[in-house]
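Examining the three-dimensional arrangement
Residues per chain, in single letters:
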Amino acid sequence: PEEWMAPWSGKAMVGGKMFWVSVYDNVSKGGKPWRKLKFKEIIDNQNSKPSPAKNSASTIDDEFNDDLPF
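One structure accompanies this document, and this report is about it. All figures in this text were calculated on a predicted structure; none of them were measured in a lab.

About the thresholds
Numbers given for residues are sequential positions, taken from 1 along each chain in its written order. Selection of residues for local features in this predicted model requires a pLDDT of at least 70, selection of side-chain atom pairs for listing and counting requires 80 or more, and totals for whole chains, interfaces and linings are taken over all residues. The side-chain figures draw on all heavy atoms in the structure; neither hydrogens nor water molecules are used. When DSSP locates at least two bridges between a pair of strands, those strands are taken to pair. Where helices and strands are cited, they refer to DSSP runs of H or I of at least four residues and of E of at least two residues respectively, numbered from the N terminus. Geometry is summarised by axes, namely lines fitted to C-alpha atoms with helices restricted to the contacting stretch, and by angles between N-to-C directions that run from 0 to 180 degrees. Basic side-chain nitrogens of Lys or Arg form a salt bridge, by our definition, when they fall within 4 Å of a carboxyl oxygen of Asp or Glu. Exposed residues in this analysis have more than 50% of their type's maximum accessible area, buried residues have under 20%, and partly exposed residues fall in between, with area computed by a 1.4 Å probe over protein chains only.

**Looking at the sheet that holds strand 2 (residues 17-27)**
- Across the sheet, three strands lie side by side as 1-2-3; this open sheet has antiparallel pairing. Strand pairing shows two members of the sheet lacking a second neighbour, strand 1 (8-14) and strand 3 (33-41), which therefore form its edges. Going from strand to strand, the sheet's axes swing by 35 degrees on average, the running direction of each strand aside.
- Judged from the seven bridges that link them, strand 1 and strand 2 form a sheet pairing that is antiparallel. Following the sheet pairing, Lys11 is matched in strand 2 by Trp20.

Laid out in structure tokens, this is it:
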């Protein structure tokens with residue numbers, strides 16, 4: 001595998017949120033093996049909040065769709 005690729009990876013729930021987990025093997029200067037873990041939050045597009053631009057546009061449209069004659 002390439003240097004940037006983790007030998008082990010998977011998913012973990014931390015604090016109620018899902019994360020991708022990557023595990024890398026390392027060796028200290030003294031020769032002791034140790035592992036580094038990296039966590040990256042999994043973002044679920046279906047549950048994400050709408051972007052501010054979309055929200056603003058729909059709010060502006062709603063303001064001008066009233067029954068007032070002016």
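**Quick notes on the pattern of salt bridges**
- With the rule as written, the count across this model stands at one salt bridge.
- The shortest N-O distance in the salt bridge between Arg35 and Asp25 comes to 2.8 Å. With Arg35 in strand 3 and Asp25 in strand 2, this pair connects stretches of sequence that are 10 residues apart.
- Residue Asp25 is classed as partly exposed on the basis of its relative accessible area, which comes to 43%.

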